[in-house]
Amino acid sequence: MFENIKKYALEVEIFASSKPEEIEQFRIKYLGKKGILNDLFAKFKEVPNEQKKEFGQQINNLKQSVTQKIEAMKESVSSQISSDSGLDLTRSGIPLNLGSRHPINVVRNKIINIFKKIGFSVADGPEIEDDWHNFTALNMSEFHPARDMQDTFFIEKHPDKVLRTHTSSVQIRYMEEHRPPIRILAPGRVYRNEDISARSHCMFHQIEGLYIDTQVSFADLKHTLQYFTSELFGKSEIRMRPSYFPFTEPSAEVDVYWGLETETDYRITKGTGWLEILGCGMVDPNVLTNVNIDPEKYSGFAFGMGIERIVMLMHQIGDIRVFTENDIRMLQQFSNEF
Ligand code: PHE
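Just so it is clear, the structure is predicted and the values come from calculations on it, not from any experiment. (Residues numbered from 1 in each chain as written. Predicted model: local features only at pLDDT ≥ 70, side-chain atom pairs only at ≥ 80, totals over all residues. Heavy atoms only, no water.)

For the chain, the count of helices and strands is 13 helices and 10 strands. On C-alpha atoms alone, the chain measures out to a radius of gyration of 39 Å, which is more than a quarter above the 20 Å that the 2.2 N^0.38 rule sets for 338 residues. Expressed as lengths along the three principal axes of its C-alpha atoms, the size of the chain is roughly 115 × 50 × 40 Å. The burial tally for the chain puts 42% of its 338 residues in the buried class. Long-range contacts, defined as pairs at least 24 residues apart, comprise 65% of the intrachain contacts of the chain with a sequence gap of at least 6. Total accessible area on the chain stands at roughly 19,800 Å², and carbon and sulfur atoms take up 50% of it. Positive and negative side-chain charges of the chain, numbering 40 and 48 respectively, have mean locations separated by a distance of 10 Å. (Helix = DSSP H or I, 4+ residues; strand = E, 2+ residues; numbered from the N terminus. Rg over C-alpha atoms; globule rule 2.2 N^0.38 Å. Buried < 20%, exposed > 50% of the residue type's maximum accessible area, 1.4 Å probe, protein only. Contact = heavy atoms within 4.5 Å. Areas by Shrake-Rupley, 256 points an atom, 1.4 Å probe, with all protein chains shown as cover. Lys, Arg positive; Asp, Glu negative; His and termini not counted. Charge placed at Lys NZ, Arg CZ, Asp CG, Glu CD.)

Shown next, in the form of structure tokens:
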């Protein structure tokens, strides 16, 4: 008897019906209050005791099969409904608007990669710096007039703390922790209360380079910078003008020969063809002594450049404020660069 009912329910009755009403009718017919299964259950009393166990199992078995069929039918109905609703799983997705790197980071990464090729690695330091790392250890004692070269933000409640005015502080931090040979680049934000940077919220970016080893000479410095300018700008004609920084001796400003081919070249080089790109020099022996590196044994060079300035030169950007205005039309122009 059970086998017949089961066979009928599973094979003859509707299957994979597309209509929810039919499925509901099927459910009522078998599982409803007055349904076949309840009828069978009512007969339970009449079944002889020794057959009760088997009878009960058969009812359960039948109930399970019918329930499964209902579930399966419901599922096929709901998937049919969603494909009727126009869902096409083979369609391509909605295009994502990919973001892009900020031009300052693009150029910073380019510079890092150029120096990585000749063995430099990246070092880091805090933006809230103490007097020792930002000034004193860099050969600028408390009343040194050179402190006026960089108009500094002090932290009112902590007179010993400043917002670092240059990434040269990372030179000191790194040399305190490491012994030569040293070859590092230190990119990061710096802060000055200056007119040029006041327009850009008194903050701009620098990259510092430091190389300390035995027998490092000024010729090494010049050649390294020549390599750098030819890799970054495709221009290797540079000139070094004598300059002054307390932490380097001798010191120089470096100009790269940009050329005078276009009208823009005239404008950005003020008609000279030369562009100033960085400051540099041989690390002053006093600085090495301050970090317990023997200046008799070791020498080295350091350089520092402003990234904004270089980005402006490379992309002929006329106003430093565009870097922090967050105008997506400007930022999107760099979406192909990494
Ligand atoms: N720290 C200097 C500046 O901010 C740049 C510099 C770095 C010069 C390293 C020489 C050597 O102007």
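With the rule as written, the count across this model stands at 10 salt bridges. A salt bridge links Glu127 to Arg189, with the nearest nitrogen and oxygen atoms 3.4 Å apart. Of this pair, Glu127 sits in the loop between β1 (121-122) and β2 (128-130) while Arg189 is found in strand β5 (residues 182-191), placing the two residues 62 residues apart along the sequence. Residue Arg189 is classed as partly exposed on the basis of its relative accessible area, which comes to 38%. Overlapping salt bridges bring together Arg239, Arg241, Asp255 and Glu276 as one network. (Salt bridge = Lys/Arg side-chain N within 4 Å of Asp/Glu carboxyl O.)

Strands pair in a sheet through their backbones, by hydrogen bonds, and they do so in one of two ways: parallel or antiparallel. What the three strands build is an open sheet, ordered β2-β4-β3; its pairing is antiparallel. This sheet does not close on itself; its edge strands, each paired only once, are β2 and β3 (154-155). Sheet topology places β2 next to strand β4 (residues 158-163); three bridges connect them, and they run antiparallel. In the sheet register, Glu129 faces β4, and the bridge partner there is Val162. (Pairing = 2+ DSSP bridges.)

A few words now on the side chain of Asn109. Position of Asn109 relative to the elements: it lies in helix α5 (residues 103-116). On the basis of relative accessibility, which here comes to 18%, the residue Asn109 falls in the buried class.

This brings us to the site of the ligand. Around the ligand lies a shell of 15 residues, among which His166, Ser168, Arg192, Gln206 and Glu208 are the nearest. A distance of 2.9 Å separates a nitrogen atom of the ligand from a polar side-chain atom of Ser168. Between the ligand and Arg192 there is a distance of 2.7 Å, counted from an oxygen atom to a side-chain nitrogen or oxygen. Protein chains shield 92% of the accessible area of the ligand, which is 320 Å² for the free molecule. (Near = heavy atom within 4 Å. Polar contact = N/O pair within 3.5 Å; in protein donor to acceptor, adjacent residues only side chain to side chain.)

Here we take up the sheet that holds strand β7 (residues 238-245). Across the sheet, seven strands lie side by side as β1-β5-β6-β10-β9-β8-β7; this open sheet has mixed pairing. The open sheet is flanked by β1 and β7, the only strands paired with a single partner. Relative to strand β9 (residues 274-283), strand β8 (residues 248-257) is paired through eight bridges, and the arrangement is antiparallel. Considered in β9, the bridge of Thr248 is made with Val283. Helix α7 (residues 168-177) contacts β5, β6 (203-213) and β10 (299-306) of the sheet and is inclined by roughly 40 degrees relative to β6. Against the sheet, helix α12 (residues 307-315) makes contact with β6, β9 and β10, and its axis sits at roughly 60 degrees relative to β10, the strand it touches most. (Axes fitted to C-alpha atoms, helices over the stretch in contact; angles between N-to-C directions.)

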